[in-house]
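Inside the fold
Given next are the chains, with one letter for each unit.
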Amino acid sequence: MTTILVTGGTGTLGRHVVERLRADGHEVRVLSRHARPYAVDLREGGSALDAAVTGVDTIVHCATSPRGGDERASRNLIEAAQRAGVGHLVYISIVGVDRVPFGYYKSKLAVERLIEGSGIGWTVLRTTQFHDLVLTVLQGLAKVPVIVLPARVKDQPIDVTEVADRLADLAEGEPAGRVDDMGGPEVRTFESLARAYLKAAGRRRAVVKVPLRGAAYEGFRAGGHLAPERAVGKRTFDEYLATRFR
């Protein structure tokens, strides 16, 4: 049994990682801004963060924010881990962070570089988007009578529990560096995903595809965020929707 700290341990991914690691018999510390006794804002760091990592063997770094601050938070975490002598840092990243010039992706790539240069044993897993995120985006777009989608863009959503199981396995092993990407079982157009959501939710909306501009859009349109050769996920988006809307 080892002591493992999971940052973002109450989030969409982190809570499943925590459940799996505890089921395997590990002592797991849950770190988030509001989780006691390890309530820490990683962007601020400080003595509370040092206390959280003291005595920890492995850190699984799931905490993230599309609103920014990931690099600062990760730098604080790495420095605390170095002081505490943590032996293994596992990080969850996104397929395409080095191919799609999207702001959030650039931040994730920068964190990868920080971890690689930290001197701590590290493992980085990149995955495609979670079913949960795709659903959240589609629900937001469906708040108006017409769903407007970026033209000629596909996605490859994956089930968060499958990613959590893979992360837990990696945390229980030795540092492995950059491991194989993990993609969902299907590459589908955004239009097909939207129509699947509307059908499952029993909603009616017109769907319109609009071409966009910019380097990020071109990267997504080119499929830089996809991993068709690593379609190792099992649960499809339709199966996920059937559970959510049954």
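Refer to the structure presented above.
Residues numbered from 1 in each chain as written. Predicted model: local features only at pLDDT ≥ 70, side-chain atom pairs only at ≥ 80, totals over all residues. Heavy atoms only, no water.

1. A closer look at the pairing of strand β4 (residues 88-94)
Burial analysis of β4 places seven of its seven residues in the buried class, which makes it a mostly covered element. Where strand β3 (residues 58-61) and β4 come together, four bridges link them in parallel fashion. Its bridge partner being in β4, H61 is matched across the sheet by Y91. In this view, the connection linking β3 to its parallel neighbour β4 by way of helix α3 (residues 70-84) has right-handed handedness. Across seven bridges, the pairing between β4 and strand β5 (residues 121-127) is parallel. Each residue of the ladder has a partner; that of I92, found in β5, is L125. (Buried < 20%, exposed > 50% of the residue type's maximum accessible area, 1.4 Å probe, protein only. Helix = DSSP H or I, 4+ residues; strand = E, 2+ residues; numbered from the N terminus. Pairing = 2+ DSSP bridges. Right-handed = clockwise from strand over helix to strand, strands pointing away.)

2. Focus: the side chain of N76
Among the structural elements, N76 can be located in helix α3. Residue N76 is classed as buried on the basis of its relative accessible area, which comes to 18%. In contact with N76, other than residues within four places in its own chain, are L42, R43, E44, G45 and L49. (Contact = heavy atoms within 4.5 Å.)

3. Let's talk about the sheet that holds β5
Spatial strand order, β2-β1-β3-β4-β5-β8: six strands in an open sheet with parallel pairing. Strand pairing shows two members of the sheet lacking a second neighbour, β2 (27-31) and β8 (177-178), which therefore form its edges. Sheet analysis places strand β1 (residues 3-7) next to β2, joined by five bridges and oriented parallel. The residue of β2 that forms the bridge with T3 is E27. Here α3 sits on the sheet in contact with β1, β3 and β4, set at roughly 175° to β3. (Axes fitted to C-alpha atoms, helices over the stretch in contact; angles between N-to-C directions.)

4. Thoughts on the packing of aromatic side chains
This structure, assessed with the given rule, holds five aromatic pairs. Ring geometry for F102 against F220: centres 5.7 Å apart, planes inclined by 65°, an arrangement best described as edge-to-face. With F102 in the loop between β4 and α4 (103-116) and F220 in helix α8 (residues 215-221), the pair connects residues that are 118 residues apart, well separated along the chain. A relative accessible area of 17% places F220 in the buried class. Geometrically, the ring pair formed by F237 and Y240 is stacked, given 6.1 Å between the ring centres and 25° between the ring planes. Taken together, the residues F237 and Y240, both in helix α9 (residues 237-244) and three residues apart, mark about one turn of the helix. Within the aromatic cluster, the residues linked to one another by ring pairs are F102, Y105 and F220. (Phe/Tyr/Trp six-rings, centres within 6.5 Å; stacked < 30°, edge-to-face > 60°.)

5. Describing a nonpolar patch on the surface
Taken together, the side chains of V146, V148, V208, V210 and L212 present a nonpolar region at the surface, about 340 Å² in accessible area. Within the residue set of the nonpolar patch, elements represented by two or more residues are β6 (146-150) and β10 (206-210). Structurally, L212 is set in the loop between β10 and α8. A residue is classified by how much of its surface remains accessible, and L212, at 44% relative accessible area, is partly exposed. (Patch = residues over 30% accessible without salt bridge, like charges linked within 9 Å, V, L, I, M, F, W, Y side chains within 5 Å. Areas by Shrake-Rupley, 256 points an atom, 1.4 Å probe, with all protein chains shown as cover. Salt bridge = Lys/Arg side-chain N within 4 Å of Asp/Glu carboxyl O.)

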